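# Descriptive analysis of the structure
Each chain is listed here by its residues.
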Amino acid sequence: MDLAVTAHELTKRFDDFVAVNGIDLEIRSGETFALLGPNGAGKTSTMRMVSTVSPPTSGSLSILGMDAATHGREIRGRLGVIPQEDQLDADLTVYENLTTYARYFGQSWSEAKQNASELLEFAQLTDRADTRVETMSGGMRRRLTIARALVNSPDLVLLDEPTTGLDPQARQLLWDRLYELKERGVTQLLTTHYMDEAEQLADRLVIMDGGEIVASGTPSSLIAESTTAEVLELRLADEQSLGHDLPFRTEVLRNRVLVYADDGAAALAHIKNLGVEPNSSLIRRSTLEDVFLARTGRQLVD
Amino acid sequence: MTSVSPRPSSVWHVVEHHAVQTRRTMQTVLLSGFLSPVFTMLALGWGIGSQVDDVSSLGTPDYLHFVGPGVMIGTATLQGGFSSLWQALAALRWEGMYKNVVRSPATFTDAMTGRLVWMGILNALSSVAFLIVLVIAIGWSGFGALLTPFIAGLTAMSAAAGVLAFTSRKESGDGFSVVARLGLTPLFVFSGTFSSIDTLPTAIATVIKFFPTYHGIEVARDLINERAEVVPSLLHIAVIVAWIALGWALSFGGFRKALTS
Ligand SMILES: Nc1ncnc2c1ncn2[C@@H]1O[C@H](COP(=O)(O)OP(=O)(O)OP(=O)(O)O)[C@@H](O)[C@H]1O
Ligand SMILES: [Mg+2]
């Protein structure tokens, strides 16, 4: 099998602080792979190592068949990197942002211009070509950042929290663009702290916490392995509690109680039989959020 | 991260990138890099120059021949040095220009080098414009004058490199006004720009000779006045180049930390 990224015992330390603690990764060509984790999990640090911008403290890292320690320039020539924060040239136009960046990848000005027009189409920014970036919305900037990362037709695209801070509509538009990339066979590595984003986009993912990988697999296998098919969410009155001898795993959160059961309706009936009358109840499918909770005892997003 | 030596093609891409950005701020560049020094030179050369009866101590036919090259190189110092304060901090930190650069095949040393080369080119170009005005004002003295923009470019690079060594380690603009007021402005004024450094107290003259601006002015003045000799000129240029090398080397750690940690 063709691997786009292979990392072994990958470690990043900042002075005494271990940001990434000996993780292993294997990302297959053509797949979309996600690093899901809360703030400070080490996602960005990992991405910066994979983008060959930040040298690992230790461990081995191979990207597109080349050693990251010795072939940085060659590797970066075939990567598209979307950083967590947009770093666009605010004084330049949308179009100039693309053409000047394309030059770094060895394109002639005419190639760069040709590509820029196509990318503007892809990012749905054609009518903004001559707009200065300064004046654009967050969603448009994000799309431009993505377009710019594609100037070199990369084989591997790295997206660090591509949709954080965007409204639902802008988010959906971005997801559509990422699906399209996937259909073109582009390998994608993305980070997110949104479980729905990981479920929507990723073929496989790892869950990171505190610089370590706490779980890995496909979204459905992770859910199947770590949690029940359904979750019953209850809101109880202040003086109520479920007691300790339920036949289900429960998690008590700040304002609700989660009851893990393959059949949520049956669980609710069981609880009502015990004489507990919740203020409200909701039955839903398990998500990666529940996987994270099961593995770490904490919530992904507070 | 592979290799830290700059690659010419990547350095050139950084230069181009700066050139595209500078087009956007052309008015400021024209004002501070060309119009303002031209006015300074003409005002001093014609204004003060007419009050100076005895120019024999200057070793030039008139005051304009003296102050013209001084203002040209002094301006290059100011422009180069200033560019390494807020603008460099923005490119390195907040605006993230160089953070994008290091995600391409280019490296942090390409970014540093490209920045300095661009400052050299930009100041050489504005010095060409300045030189044209100077030659119109004082008349054609010979081909040596055509080398002065090159000296101005090198001097701008040396000032940019020296200040960049400071800025590359900083996360904010603390101390920038000190560098500007106690570093760059005195260099502009006291490097033999408006009067011979022999008129300064010896201690100050000695310190001034340690910095590149004085050497740039000496060469440019000799070239404009058709009295440049090869060996002394090369020695002056060597001091300027040494400053570029020193500034580059001292900026290295700051750039590496800011861009690749
Ligand atoms: N340059 C640095 N120097 C010191 N510590 C750092 C540096 N970069 C990151 N860290 C620390 O390493 C840890 C992991 O940071 P990282 O940015 O990789 O997390 P993340 O998963 O991307 O988080 P977020 O969701 O907030 O973006 C954090 O505790 C962070 O403070
Ligand atoms: Mg991050």
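Because the structure is a prediction, the values reported are computed rather than measured.

A tally of helices and strands in chain A yields 10 helices and 14 strands. For chain A, the share of sequence-separated contacts (at least 6 apart) that also reach a separation of at least 24 residues comes to 69%. With the model as given, the accessible surface of chain A reaches about 13300 Å², and the carbon-plus-sulfur share is 45%. Across chain A, the 30 positively charged side chains and the 46 negatively charged ones have centroids separated by 4 Å.

Moving on, we come to the site of ligand 1. Of all residues adjacent to ligand 1, which total 15 residues, the nearest are G40, K43, T44, S45 and Q84 of chain A. Mapping the residues near ligand 1 onto chains gives chains A and B. S45 of chain A is positioned with one of its side-chain polar atoms (N or O) 2.6 Å from an oxygen atom of ligand 1. Measuring from an oxygen atom of ligand 1, one finds a side-chain N or O atom of E161 of chain A at 3.0 Å. Breaking the shell around ligand 1 down by element, the ones donating at least two residues are β2 (17–28) and α1 (43–50) of chain A. At 3 residues, the largest contribution of residues to the shell around ligand 1 is made by α1 of chain A. A per-class count over the shell around ligand 1 returns 5 nonpolar, 8 polar and 2 charged.

Residues and elements named next belong to chain B. Contact pair helix α5 (residues 108–138) / helix α10 (residues 230–260): the axes reach a minimum separation of 9 Å and the direction vectors enclose 130°. With respect to α10, the element α5 is oriented oblique. For the element pair α5 and α10, the recorded crossing hand is right-handed. Between α5, through F108, T109, A111, M112, T113 and L116, and α10, the contact on the second element is made entirely by W248, S251, F252, F255, R256, L259 and T260. Here the contact of α5 with α10 is composed, by residue class, of 8 nonpolar, 4 polar and 1 charged.

Residue and element names in this part refer to chain B. Here A220 is to be found in helix α9 (residues 212–224). Among the residues examined, A220 registers a relative accessible area of 0% and is labelled buried. When the C-alpha positions of A220 and A242 are compared, they lie 18 Å apart, and in sequence the two are 22 residues distant. Among all residues touching A220, those that are not within four sequence positions of it are P69, I73 and T148.

Given 3.6 residues to a turn, an α-helix orients residues that are three or four positions apart in the same direction. Residues and elements named next belong to chain A. Given a rise of 1.5 Å per residue, 14 residues ought to cover 20 Å, and the 20 Å separating the end C-alpha atoms of helix α4 (residues 109–122) matches this to within 8%. All of the buried residues along α4 are A112, A116, L119, L120 and F122. Along the axis of α4, the buried positions cluster into a sector of 145°, meaning they face one direction only. Away from its buried face by more than 90 degrees, α4 exposes S110 and E121. Positioned one or two residues after α4, Q124 has a phi angle of 55°, which is positive.

A word on the sheet that holds strand β4 (residues 58–63) of chain A. Residue and element names in this part refer to chain A. Taken in spatial order, the 4 strands make up an open sheet running β2-β1-β4-β5, and their pairing is antiparallel. Of all strands in the sheet, those bounded by a partner on one side alone are β2 and β5 (66–67). When strand β1 (residues 3–14) meets β2, the two strands line up antiparallel, connected through 8 bridges. Directly across from R13, in β2, lies its bridge partner V18. Against the sheet, α1 engages β1, β2 and β4, with an angle of about 60° to β2.

For the rest of this paragraph, the subject is the pairing of strand β13 (residues 257–261) of chain A. Residues and elements named next belong to chain A. The buried count for β13 comes to 5 of 5 residues, which makes it a mostly enclosed element. The alternating pattern of β13 places V257, V259 and A261 and L258 and Y260 on opposite faces, both of which are buried. Across 5 bridges, the pairing between strand β11 (residues 230–235) and β13 is antiparallel. Residue pairing for β13: E230 is matched across the bridge by A261. Joining the antiparallel neighbours strand β12 (residues 249–252) and β13 is a turn of 4 residues.

So, on to the interface of chain A and chain B. Counting residues at the interface gives 34 residues for chain A and 31 residues for chain B. Together chain A and chain B conceal approximately 2900 Å² of surface at their shared face, both sides included; 50% is due to carbon and sulfur atoms. Among the residues chain A hides against chain B, the three largest losses belong to R73, Q87 and Y104 of chain A. Together they make up 31% of the total. The interface formed by chain A and chain B holds 4 salt bridges in total. The salt bridge partner of E16 of chain B is R103 of chain A, with a shortest N-O separation of 2.5 Å. The interface formed by chain A and chain B includes 21 residue pairs in polar contact (both at pLDDT 80 or more). The element that contributes the greatest number of residues to the side of chain A that touches chain B is helix α3 (residues 94–103) of chain A, accounting for 4 residues. Looking at side-chain class alone, the side of chain A that touches chain B contains 14 nonpolar, 10 polar and 10 charged residues.

This paragraph deals with the pattern of salt bridges. All names here are of chain A. As enumerated under the stated definition, the model contains 21 salt bridges over all chains in all. Close ionic contact of R78 with D155 constitutes a salt bridge, the shortest N to O distance being 2.7 Å. Separated by 77 residues along the polypeptide, R78 in the loop between α2 (72–76) and β6 (79–82) and D155 in the loop between α5 (138–149) and β7 (156–160) bring together distant segments of the chain. Overall, D155 belongs to the partly exposed group, its relative accessible area being 34%. Of the charged contacts in the structure, one is a salt bridge between E180 and R177, with a shortest N-O distance of 3.2 Å. Within this pair, E180 and its partner R177 are both found in helix α6 (residues 168–183), separated by 3 residues, close to a single helical turn. A network of salt bridges, in which partner residues are shared, links E233, R256, R284 and D290.

Moving on: the coordination of the magnesium ion (ligand 2). Working reference: metal with six octahedral donors, ideal angles 90 or 180 degrees; metal with four tetrahedral donors, ideal angle 109.5 degrees. Residue and element names in this part refer to chain A. Surrounding the magnesium ion (ligand 2) are the protein donor atoms T44 (OG1) and Q84 (OE1), which sit 1.9 to 2.2 Å from the metal. With T44 in helix α1 and Q84 in the loop between β6 and α3, the pair connects residues that are 40 residues apart, well separated along the chain. By relative accessible area, T44 is classed as partly exposed at 27%.

Right, let's talk about the nonpolar core for a bit. Counting residues in hydrophobic clusters, the biggest one holds 109 residues, and the most contacted among them are Y98 and F255 of chain B. Residues A4, A7, I27 and L35 of chain A belong to the second largest nonpolar core, which totals 28 residues.

So, about the confidence of the model for chain B. Mean pLDDT over chain B works out to 93, with 98% of the residues at or above the 70 mark. Prediction confidence for the complex, expressed as pTM and ipTM, is 0.93 and 0.91 respectively.

Each value, and the rule that gives it
Residues numbered from 1 in each chain as written. Chains lettered and ligands numbered in written order. Predicted model: local features only at pLDDT ≥ 70, side-chain atom pairs only at ≥ 80, totals over all residues. Heavy atoms only, no water. Helix = DSSP H or I, 4+ residues; strand = E, 2+ residues; numbered from the N terminus. Contact = heavy atoms within 4.5 Å. Areas by Shrake-Rupley, 256 points an atom, 1.4 Å probe, with all protein chains shown as cover. Lys, Arg positive; Asp, Glu negative; His and termini not counted. Charge placed at Lys NZ, Arg CZ, Asp CG, Glu CD. Near = heavy atom within 4 Å. Polar contact = N/O pair within 3.5 Å; in protein donor to acceptor, adjacent residues only side chain to side chain. Nonpolar A, V, L, I, M, F, W, Y, C, P; charged D, E, K, R; others polar. Axes fitted to C-alpha atoms, helices over the stretch in contact; angles between N-to-C directions. Parallel < 35°, antiparallel > 145°, perpendicular 65-115°, else oblique. Left-handed = near helix turned anticlockwise from the far one by under 90°. Buried < 20%, exposed > 50% of the residue type's maximum accessible area, 1.4 Å probe, protein only. Expected span 1.5 Å × (residues − 1). Arc of directions from axis to C-beta. Pairing = 2+ DSSP bridges. Buried area = accessible area lost by both parts, 1.4 Å probe. Salt bridge = Lys/Arg side-chain N within 4 Å of Asp/Glu carboxyl O. Donors = N, O, S within 2.8 Å, 3.2 Å for Na, K, Ca; no water. Core = buried A, V, L, I, M, F, W, Y, C linked by side-chain atoms within 4.5 Å. pLDDT = per-residue confidence, 0-100.

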